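Commentary on secondary and tertiary structure
Here are the chains, one letter per residue:
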Amino acid sequence: MKELPAIYQDGERTYYADTCEPLKAAALRGEVQLQAWGHAPYPGVLLPGDFLPVVRSIGVWDAPNSQSWGLDLHCNEGVEFTYLKRGQVAFEVDGKQWLLRKGALTITRPWQFHRVGAPQIASSQLIWLIFDVSVRRPNQTWRWPEWLLFSQAELQRLTRLLSHNEQPVWQASDEVEVWFDRLAELIQTYSDPYRAESKLKLAINGLLLAVLEMLEGEHITLDEYLSSTERAVQIFLDGLVQHAAANWDLESMARQCGLSRTQFSEYCRHLTNRTPIQYLTQCRVELAARMLIERPDASITEVAHTCGFGSSQYFATVFRSMKGCSPSSFKATACQQRQREAPVNTSMD
């Protein structure tokens, strides 16, 4: 199995950051020109593990034509900076959409979900940097490498501006553009990343300093909730429905958010008006309902076990209490609905 960066890891379950598979596949097909360096599993030239591990991915794509692919809703383990050098690209963060034009700068926080393309990528040239600040939950402290030539006060200001900023799209300053161009030039010029290490560090320092100066000049409104414990719990709960079948209990859910069971329970009740186990059960029922619709060949028992229920009898009881009907009735209704919506063949022999 490929090595993938994890969002949360428990003994039995690991959640993964995006790996840019559509971009990799498009490059292999020759649809897009890709030049990149990255640590596994990101695209481009694979960097050795000891080479600037905080630089998860850095690269440039050149899409000469409208593409057949896009980057669907995804997140990354690091703060991601992208600069649109040419063209236009549809972009979405937290349900809000933008049409990026030449000179647009995007900044997404670690684990912030975003989408690129609507759904396909338009003709464009885009430069990016994914920089890992060791955040695995929003309320963790950002950690910067020692080779950044920033004072402690500057790093604190940069961290606050990036972690508390709700605005993901900006018009890049001239200085930001200069450093993105420098990053692209290094990737395009050097076949051996080690020969460009010092210049790469210098360019990243220059880019981050230019971003700091740009953001400080904008007088932006900051929201401390974005790096709060409450947001950490909210992100976990938002993703739980996709992973509800795992062997969760109160202890393991609380541990994923770095909280005690009592603290996690209080946040969960505040955010959902349910206890953690009640919310987990709701997520499992919603997962089961989707499975009953999407996999009509699966038995009720199979659905129950796949979605984390210990027995089909308990599953049926809980499902009826939440959906108002038995799983078998729900499945039959869904099947009838599909039959009514199926196209009718009116051709004559």
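So, a few notes on the structure that sits alongside this text. Computed from a predicted model, the values in this text were never measured in an experiment. (Residues numbered from 1 in each chain as written. Predicted model: local features only at pLDDT ≥ 70, side-chain atom pairs only at ≥ 80, totals over all residues. Heavy atoms only, no water.)

Side note on the overall build of the protein
What the protein contains, in helices and strands, is 11 helices and 13 strands. The buried share among the 349 residues of the protein stands at 48%. A separation of at least 24 residues holds for 69% of the contacts in the protein among residues at least 6 apart in sequence. Of the roughly 17,400 Å² of accessible surface on the protein, a fraction of 48% belongs to carbon and sulfur atoms. (Helix = DSSP H or I, 4+ residues; strand = E, 2+ residues; numbered from the N terminus. Buried < 20%, exposed > 50% of the residue type's maximum accessible area, 1.4 Å probe, protein only. Contact = heavy atoms within 4.5 Å. Areas by Shrake-Rupley, 256 points an atom, 1.4 Å probe, with all protein chains shown as cover.)

A closer look at the environment of P64
Here P64 is to be found in the loop between β5 (55-63) and β6 (71-74). Taking the C-alpha atoms as reference, P64 lies 5.3 Å from S123; in sequence the two are 59 residues apart. Apart from the residues lying within four places of it in its own chain, the contact partners of P64 are E31 and S123.

Description of the sheet that holds strand β13 (residues 169-171)
Taken together, the seven strands give an open sheet; going across it, the order is β4-β3-β5-β12-β7-β10-β13, and neighbouring strands pair in mixed fashion. Looking at strand neighbours, the two that pair on one side only are β4 (45-46) and β13, the edges of this open sheet. Its contacts with the sheet place helix α3 (residues 174-189) against β3 (33-38), β5, β7 (79-87), β10 (104-108) and β12 (124-131), and it is angled at close to 90° to β7. (Pairing = 2+ DSSP bridges. Axes fitted to C-alpha atoms, helices over the stretch in contact; angles between N-to-C directions.)

Observations concerning the sheet that holds strand β8 (residues 89-93)
Strand order across the open sheet formed by four strands is β6-β11-β8-β9, with antiparallel pairing between neighbours. Two strands in the sheet have a free side with no partner beyond their single neighbour: β6 and β9 (96-100). Across the sheet, the mean angle separating the axes of adjacent strands is 15° when strand polarity is ignored.

Side note on unusual backbone geometry
Across the junction of A40 and P41, the peptide omega takes the value 10°, indicating a cis bond. With respect to the secondary-structure elements, P41 resides in the loop between β3 and β4. With omega at -10°, the peptide bond leading from A118 into P119 counts as cis. Within the secondary structure, P119 sits in the loop between β11 (114-116) and β12. Despite not being glycine, W111 shows a phi value in the positive range, around 70°. Inspection of the secondary structure puts W111 in the loop between β10 and β11. By relative accessible area, which is 5% here, W111 ends up buried. The phi dihedral of S134 is positive, around 65°, even though this residue is not glycine. Turning to its location among the elements, S134 is positioned in the loop between β12 and α2 (152-163).

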